[in-house]
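Structural characterization, general
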Amino acid sequence: MHQPLSLFHKWIQENNELVNKWKVGSQQLSVDHYLHMYFISLLSFPQCPCPAGIAPIADHTQLELTVVYNAGVCLIAQSQFLEAESLLTKATERILQMTGDGPFASDPPVFWKTALKSVGNTALNRCVMHLLCLQWAIWLATCKLQTIQELQLLSVFETLSSGVWDEEGSAPRTKSSDIALPVMDQRRLIELLQICTFIAQGAERLSEGRSSEALSGLQSASSLPAPRTLISYTHLLSGSCLAHMSRPQMALQCYRMALETDSQCVCALYQSMLIYRQLGNTQAEIQALRLLHSTLMLPAAKEPSPAGVHLLPSSLLLQSQSLSSLLSVPSALSVLHSLALKCVLHERVAEGVEYYLDLLAALHSEDQHGVHAAGPPLPKLPELYLQAGAALLMARRPADCMALCDEVITTTLELLPGKVVLKEPEECEAETRALCEEVEDGVGMLLWVGAAYLLQGHCHTHLRDWKQAVTTYTRCFNLLVKVRFKKRGDADMMSMQGTDLCILQRLKGLSLAGRGISFTQTDQLREALRDLQLSIQAFPGGTGAGLWCGEVLWRLGRKQEAVACWERTWSFTPHFSELSLAVYLQEPQSGPLLDSTELRRRIEELSPI
């Protein structure tokens, strides 16, 4: 005759049905089910302190704690950490009441040490350790690494859990219907917590400058059983430690191991690129940028997690700011921009042009892949147009360059203010922030349009259309003189205003130089000399202006002045690298150029030794 199930077995059956339905994907786990079961247990299986020498009802308690464990997992998975912590504390206090211990310590490390000592080697030891695992997960997710360190959880579970698992393995098998199933395998949870703790601690120590200490822990963690993504993180952070310890080659080896472990570890590609940049290996840097961009454009592939682990993903447990900053990678568009600019600046202009065109096409498309990712923001669109235009001119495509410059001019020209006054920083700070931002925006737009006219002037020079070149350079200069700099006393303008004033003077110098060189091609030497001298005055150190000024003086018969001008130009030491300038602010490499070797030969013939 069929006998009705006891309440105890009904409870097991209900728990297992929930777990099994979730595992086959037919039902979402709901913490409410488990909390309901837990509160029922408080009424159905009341526990009282046991007299000395008499064991508590272990089966009922283990069942109750399994339900608490499942409810705790669900709460943590939903980031309800306070609720989960409260549930775990109450359940553990209930166990301590059973064993006659009390009062309960308010300090969490002391409380959990007391709980472990209280259950000792009893059958409840395993259940309490499972609850402590969940408390560990909460501390890890809320970045309380100091508490984890104080309890020495890594070493505790390394020594104690092995005994618990051995006891489980040697225990006689019982029917599955007699055992309450966990929603997440406890052994898997411990493995996950161990490697995530090593990673979080390593990132924290690295950010504190304790690279050697961080490296030791991370190298130990790399051999732990864990998903490939987490193992790759240990290699990645080991590489970052070695980079901070000035061991770039060893860091590159760690980044390579990270990529071999997880081919989509984009952080390792990014950090490798930074190492190559630091070492000055431009070709390797370009290759790393290309691979990084290709990888960022791939759809993210999810690694299959061991059964149950995806309830508590590693991303939930690894939320420290230190780790996030170490794992941050620029957007795909930002990487593409870096790749384009790097190619243009290092004699791979044709590649750079194609990357710039791809970048502009992506920005105008609906799919701006990863544009909001971490990292430095992209330059504004007019700036990108000017960079791409300069690259097209370098690639001997003046018509395309002029088309991009026209786009900048037509979209910006009508927005330009009639006059702009640049003030000293102290004076600007005294005014409202909104007014300062308005002035900065006006200056920025004016400089963009000025740079667009400058590039178009270079294009006409390249096409040897000297009349149109003079007209365009004049437009550029006339626009730039709308900017006035307001200063007091003998303050140095360059140091006072910084970037905007530097760009302004550079644009003035290049536009005057371009117009002066164009005048030389139509034999208007006096006009050419005036502009070239003004160019040198506006921005000393311009090679083109200096050499052509000497050439005009030579043609005018003032050969000694010409020689002095050439010598000053060759001996001038700039305070910055030409490569540090925006690409459209560099001196043009097309159009009429003078050969320094020929000029030196003239000097020798004029004054033979």
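Residues numbered from 1 in each chain as written. Predicted model: local features only at pLDDT ≥ 70, side-chain atom pairs only at ≥ 80, totals over all residues. Heavy atoms only, no water.

The name given to the protein chain in an unreviewed UniProt entry is FA complementation group G, with the source organism recorded as Gasterosteus aculeatus aculeatus.

**Points about the nonpolar core**
If you look at the biggest cluster of nonpolar residues, it comprises 152 residues, and the most contacted ones within it are I76, W112 and F157. Sorting elements by how many residues they give to this core places helix α6 (residues 125–141) first, with 13 residues. (Core = buried A, V, L, I, M, F, W, Y, C linked by side-chain atoms within 4.5 Å. Buried < 20%, exposed > 50% of the residue type's maximum accessible area, 1.4 Å probe, protein only. Helix = DSSP H or I, 4+ residues; strand = E, 2+ residues; numbered from the N terminus.)

**A look at the packing of helix α13 (residues 266–279) against helix α14 (residues 282–297)**
Interhelical geometry of α13 versus α14 gives an angle of 160 degrees and a closest axis separation of 8 Å. With respect to their mutual orientation, α13 and α14 come out roughly antiparallel. Once α13 is placed against α14, the crossing between them reads as left-handed. Seen from α13, the contacting residues are V266, L269, Y270, M273, Y276 and R277; seen from α14, they are A284, E285, A288, L289, L291, L292, T295 and L296. (Axes fitted to C-alpha atoms, helices over the stretch in contact; angles between N-to-C directions. Parallel < 35°, antiparallel > 145°, perpendicular 65-115°, else oblique. Left-handed = near helix turned anticlockwise from the far one by under 90°. Contact = heavy atoms within 4.5 Å.)

**Looking at the packing of helix α27 (residues 543–555) against helix α29 (residues 596–606)**
Two numbers describe a pair of packed helices, the interaxial angle and the distance between the axes. Direction vectors running N to C along α27 and α29 enclose 40 degrees, while the axes themselves pass 12 Å from each other. Viewed along their axes, α27 and α29 adopt a mutual orientation that is oblique. In this structure, α27 crosses over α29, and the sense of that crossing is left-handed. Packed against α27, whose contacting residues are L547, E551 and W554, the element α29 presents S596, L599, R602 and L606 at the interface. Its residues assigned to classes, the contact of α27 with α29 shows 4 nonpolar, 1 polar and 2 charged. (Nonpolar A, V, L, I, M, F, W, Y, C, P; charged D, E, K, R; others polar.)

**Here we look at the side chain of R602**
Here R602 is to be found in helix α29. Looking at R602, the relative accessible area reads 16%, which means it is buried. In contact with R602, other than residues within four places in its own chain, are E551, W554 and W566.

**Structural notes on the pattern of salt bridges**
Following the criterion strictly, the structure yields 18 salt bridges and no others. Its salt-bridge partner being E605, residue R601 comes within 2.1 Å of it at the nearest N-O pair. Here the residue R601 and the residue E605 both occupy positions in helix α29, the gap between them amounting to 4 residues, near one helical turn. Here R601 falls in the partly exposed class, since its relative accessible area comes to 36%. Overlapping salt bridges bring together E551, R555, E598, R601, R602 and E605 as one network. (Salt bridge = Lys/Arg side-chain N within 4 Å of Asp/Glu carboxyl O.)

**Quick look at helix α19 (residues 381–394)**
One turn of the α-helix equals 3.6 residues, which is why residues spaced by three or four share an orientation. The first and last C-alpha atoms of α19 sit 20 Å apart over 14 residues, in line with the 20 Å expected at 1.5 Å per residue. For α19, the buried fraction is high: 12 of the 14 residues fall into the buried class. Two residues or fewer after α19 comes R396, characterised by a positive phi angle close to 65 degrees. (Expected span 1.5 Å × (residues − 1).)

**Details of the packing of aromatic side chains**
Under the criterion given, the structure shown has 2 aromatic pairs. Relative to W112, the ring of F111 lies with its centre 5.6 Å away and its plane at 85 degrees, an arrangement referred to as edge-to-face. Grouping residues by exposure puts F111 and W112 together as buried. Taking NZ or CZ as reference, R600 lies 3.8 Å from the ring centre of W570, over its face. The ring of W554 is capped by R602, whose NZ or CZ atom sits 5.4 Å from the centre of that ring. (Phe/Tyr/Trp six-rings, centres within 6.5 Å; stacked < 30°, edge-to-face > 60°. Lys NZ or Arg CZ within 6 Å of the ring centre and 35° of its normal.)

**Some details on helix α25 (residues 499–521)**
Compared with an ideal rise of 1.5 Å per residue, which puts 23 residues at 33 Å, α25 spans 33 Å between its outermost C-alpha atoms and is within 8% of the ideal. Within α25, 19 of the 23 residues are buried, leaving the element largely enclosed by the surrounding structure.

**Comments concerning unusual backbone geometry**
The backbone of C143 sits at a positive phi, close to 60 degrees, despite the residue not being glycine. Tracing the chain through its elements places C143 in the loop between α6 and α7 (145–151). The phi dihedral of S246 falls on the positive side, at around 60 degrees, and the residue is not glycine. Examined against the element boundaries, S246 turns out to sit in the loop between α11 (228–244) and α12 (248–261).

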